[in-house]
Amino acid sequence: MAHPIIEAQGLVKAYGSFKAVDDLSFALKEGSVMGFLGPNGAGKSTTLRMLVDLIRPVSGNLRLFGLDYHRHRGRILSRIGCLIEKPDFYKYLGALQNLELLGRASGIRQPRTKAMEMLEFVGLRGREKDAVSSFSHGMRQRLGLAQCLMHDPDLIILDEPGTGLDPQGIVDMREMILKLNRDQGKTILLSSHHLPEVEAVATHLVVMNRGRCLVQGSASDLLSQQNRQIRLEVDQVKEALECVSSLLSRDQYRLGEGGVLHLSLSRDKLPALIKTLVERGIAVYAVESRQQLEDFYMLILHQNNQE
Amino acid sequence: MKNTQRISVGLMLSFGFFAVMKADANAWNFPFCDVRYEENYGGNELLDNDLQKDAERLMEKLASRLAGLRDLQATVHVQADVPRVKVRPLTAEMFFLAPNRFRIRSPRLALLPRQNPMELFEFLKGPQNYRALAMGQEKVRNQVCLVVNVLPLDGGGDWQLIRLWIHSETARIYRAEMTRRNLGTVEAGYFYGSNSRTVPGSNIHQDLPDSLLFELDASMMKLPKALTADLHRSNSQAGTVAVRPLGAPDGKARVAMGFRWNSVNNGAAARFFGAQKQD
Amino acid sequence: MWWASLYNESIKILAKPRSYLGFLAITLLVGVILLALALDGESYLDFVTGSLEQNLMIEGSMLNGHLVGFIVLQMLVVHLPLLVALVTGDLISGEAAMGTLRNLVTRPLSRRSLLLSKYGAAAVYTMVLLIWLGLMAVGVAQWIFGPGDLAVLSGEGLQILPSVEVMPRFLQAFALAFLALYTVAAISVTFSCLADNSIGPIVGTMALIMVFTLIGTLDVPLFEHVRPFLFTTHMAAWRSLFLDPTPWSDILFSIGVLTVHCVALMGFGLHYFDRKDILT
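Residues numbered from 1 in each chain as written. Chains lettered and ligands numbered in written order. Predicted model: local features only at pLDDT ≥ 70, side-chain atom pairs only at ≥ 80, totals over all residues.

Overview of the overall build of chain A
Logical step 1: Scanning chain A from N- to C-terminus turns up 11 helices and 14 strands.
Logical step 2: Viewed in the frame of its principal axes, chain A has a C-alpha envelope of about 75 × 45 × 40 Å.
Logical step 3: Sorting the 307 residues of chain A into buried and exposed places 39% on the buried side.
Logical step 4: Pairs at least 24 residues apart make up 69% of the contacts formed inside chain A by residues separated by at least 6 positions. (Helix = DSSP H or I, 4+ residues; strand = E, 2+ residues; numbered from the N terminus. Buried ≥ 20, exposed ≤ 12 C-beta atoms within 10 Å, placed from the backbone. Contact = placed C-beta atoms within 7 Å.)

A word on unusual backbone geometry
Logical step 1: Across the junction of Ala98 of chain B and Pro99 of chain B, the peptide omega takes the value 5°, indicating a cis bond.
Logical step 2: For the peptide bond that leads from Asp244 of chain C to Pro245 of chain C, omega is 0°, which places it in the cis range.
Logical step 3: Turning to its location among the elements, Pro245 of chain C is positioned in the loop between α10 (221–224) and α11 (248–275).
Logical step 4: Positive phi, close to 55°, is recorded for Glu160 of chain A, a residue that is not glycine.
Logical step 5: Tracing the chain through its elements places Glu160 of chain A in the loop between β7 (155–159) and α6 (167–182).
Logical step 6: Overall, the presence of 20 C-beta atoms within 10 Å leaves Glu160 of chain A in the buried class.
Logical step 7: Notably, Ala171 of chain B is not glycine yet its phi reads approximately 60°, a positive angle.
Logical step 8: Here Ala171 of chain B is to be found in the loop between β10 (159–167) and β11 (173–180).
Logical step 9: Classification of Ala171 of chain B as buried rests on a count of 20 C-beta atoms within 10 Å.

So, the domain arrangement of chain A
All names here are of chain A.
Logical step 1: Each assigned domain of chain A is listed here: domain 1 (1–79 + 153–219), domain 2 (87–152) and domain 3 (227–290).
Logical step 2: For domain 1 and domain 2, the distance between their C-alpha centroids amounts to 23 Å.
Logical step 3: Across the boundary between the two partners, domain 1 contributes 9 residues, which contact 10 residues of domain 2.
Logical step 4: A breakdown of the residues in the side of domain 1 that touches domain 2 according to their chemical character gives 5 nonpolar, 3 polar and 1 charged. (Domains from an automatic or database assignment. Nonpolar A, V, L, I, M, F, W, Y, C, P; charged D, E, K, R; others polar.)

Focus on the interface of chain A and chain C
Logical step 1: Opposite the 24 residues of chain A that make contact, chain C presents 26 residues.
Logical step 2: Counting residues per element, the ones that place at least two in the side of chain A that touches chain C are α2 (73–77) and α3 (95–105) of chain A.
Logical step 3: Here the element with the most residues in the side of chain A that touches chain C is α3 of chain A; it accounts for 4 residues.

Some points on the nonpolar core
Logical step 1: Within the largest apolar cluster, 228 residues are counted, with the highest numbers of intra-cluster contacts made by Ala146, Ile157 and Leu190 of chain A together with Val148 and Ile166 of chain B.
Logical step 2: When residues in this core are grouped by element, the largest group, 17 residues, is from helix α8 (residues 163–194) of chain C.
Logical step 3: When residues of this core are assigned to domains, at least three map to each of domain 1 (1–79 + 153–219) and domain 2 (87–152) of chain A.
Logical step 4: Core analysis: the second largest hydrophobic core is formed by 9 residues, Ile230, Ala240, Val244 and Leu265 of chain A among them. (Core = buried A, V, L, I, M, F, W, Y, C linked by C-beta atoms within 7 Å.)

Observations concerning the interface of chain B and chain C
Logical step 1: Across the boundary between the two partners, chain B contributes 37 residues, which contact 39 residues of chain C.
Logical step 2: For the side of chain B that touches chain C, the elements supplying multiple residues, two or more each, are β4 (85–87), β7 (110–113) and β13 (211–217) of chain B.
Logical step 3: A total of 4 residues in the side of chain B that touches chain C trace back to one element, the largest contributor, which is β7 of chain B.
Logical step 4: Of the residues assigned to the side of chain B that touches chain C, the class counts are 22 nonpolar, 6 polar and 9 charged.
Logical step 5: Relative to strand β3 (residues 157–161) of chain C, β4 of chain B runs parallel, the two sharing 3 bridges. When the sheet's bridge partners are listed, Val85 of chain B is paired in β3 of chain C with Leu158 of chain C. (Pairing = 2+ DSSP bridges.)

Structure follows, in structure tokens:
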């Protein structure tokens, strides 16, 4: 059984009376890729910053690699690579100098050699002497990944790694994450608003809102437990709504644009619903059944916001 | 009031050097490391002689002897005592070539009186330039001296009045009070000791003084305060410059010069000034 | 790790164009002062010694390399705190503003070591700046004007120091000036820990110097007891090393006050930075 790399229990971070993170507990197992989801202000970045000691929780217990943060900060951080928010570098230095500098700060003995390796890995070889100020956002993002991997960390924390990347860049980034996880066995914590990107790589999920953890667990388990998202196109929308409302609860349906009905129900209830609609003389033009992270996420947030 | 001041200055200059030899790396036999005026003045003593005749005889003797001074080179030890100025004693070289070439060559900054020590001698060389009037007799450093007023005949010249205290027997100048148009009044004490030298051609030994002490008015000497503020030191901490090494009274500055006459009329000064000219 | 971090900090300072502003400013200012003194230095000295020279003459040139060096130092040491704060005030806050502080703090190096390396880099920069000032002020001045006795004008009067004694005193004075300037650097680095923008610590440091200087200058009885313990009171303590005899008790007191300031500021900085949330 894989060991937990991160064990967070009852983490609280407050700024005055505002609690950015409120009693957060979660665990991340070795070798997994955790998608860290939540709307803006949910407390994701605060949590990630706590994981890399940028900010300190006011209460709670945080252990990484089975070690206590207070006593083994150096050992813990030597095994973490992170890219928090946007990739920032010394603009007046070249890419190689930036990496060398960070490598030296990580205790790497031959930072130049390692930096060149990393530049090769992220596809920036040939631009090593160019000042970072001349780099595009995508190039900086790749350089950010390079600095994150410089010291060969066991845990990689990525905060919005796809921001500002073009479609090809997003695909490349996804491939890189998968490669790191599958080929090198790195444990990855990925926070992103780009849900398809998370869905493509995450083995585990944590969804946060208002500083609290709403759900967590294996991605496959979470997605299969939930209702399916049904998209229904009918000719008599009003009658169809009346019919649906008699069969489903209010939070299970909504009327979308163009008279399309969006339903949330388990797979086995769908045939009976279609039959009832047809019996009432309502023509059904199309039925689309989806089970995607985006729907799951929206539903979880919808439910949480209604509480 | 002015008379009182004059008398007090006169008294101070009349009292001799109190020389304390300090251990000196150069073993200079100069008394300027710690010069003090003694305070045990014994009083004036007027003698019943034909003073004017004596004065003329002494002045003639003095002039004829000084006329032999043409080329001098000396090692000079200088110590200055100027209010709010601290300068350490130094040793320099002095050159004099008659009639008016004078230079002190110092490896360091030296504070010297504007009037050089040879100017009085040069003036006194020409009896046709002045008239000597006997004023009486006084004791200077327990030596009976004739007080002579020397009145320059050229009323528009630089020299205004010279009062000399001349030893009645040796015709040495013991003290001088000189008033010049440009420099005001300067007083000087002349001291004779082991470093004194005889002027060639003179039958009186040791006519060139062993040392000289100038006293000048320093009441107008001011240092700009705007440049002197020290934030980090309070006034109570001040005082390192307050030491007066020659015991000069308030408002006065003193410069002491001790001489070792290395060359008298041997052409050393002529060579020096000749080389300077070539440079 | 600390040495590696100090090396990193030195590289960053070297690579930053801002770091050279101080050297450029010193070069220009010293150049202007040297030119002015070479052209009209005697008039400047006449202003100081004019009344003295009514009855006395000064044999030898007062306007020599040592005096020029001293004048330059006296004029520029006032400006050096700004030049030092300009770079050292940016060491933490500049990184916070740029976002690079995140990269550093998430490395295995402890925050205390990181900040200590910043204090170390500030010391190196201050020292190099001071050495440059020394080379320009004393070295170039000696080259142009030649050596000689140093005439120092202080609150106590004019003192003339023999030439052979001047250079050791300059070295001691530079060491003391370094301590004074490092106190400024310690203030600006500590202020830098408190801020997330570059300009705040620089302005804050200069404001503090101005306020303390004002308190030190005002002749108000209330400030009498405070004045000896303000670091600004001892910023010019290096000048005391040119007094004869050297007032060692005053100088030791100045060293004590400045050292206590440095240690206290660094202690506070380390304590604060160790607990600071990095939010940028």
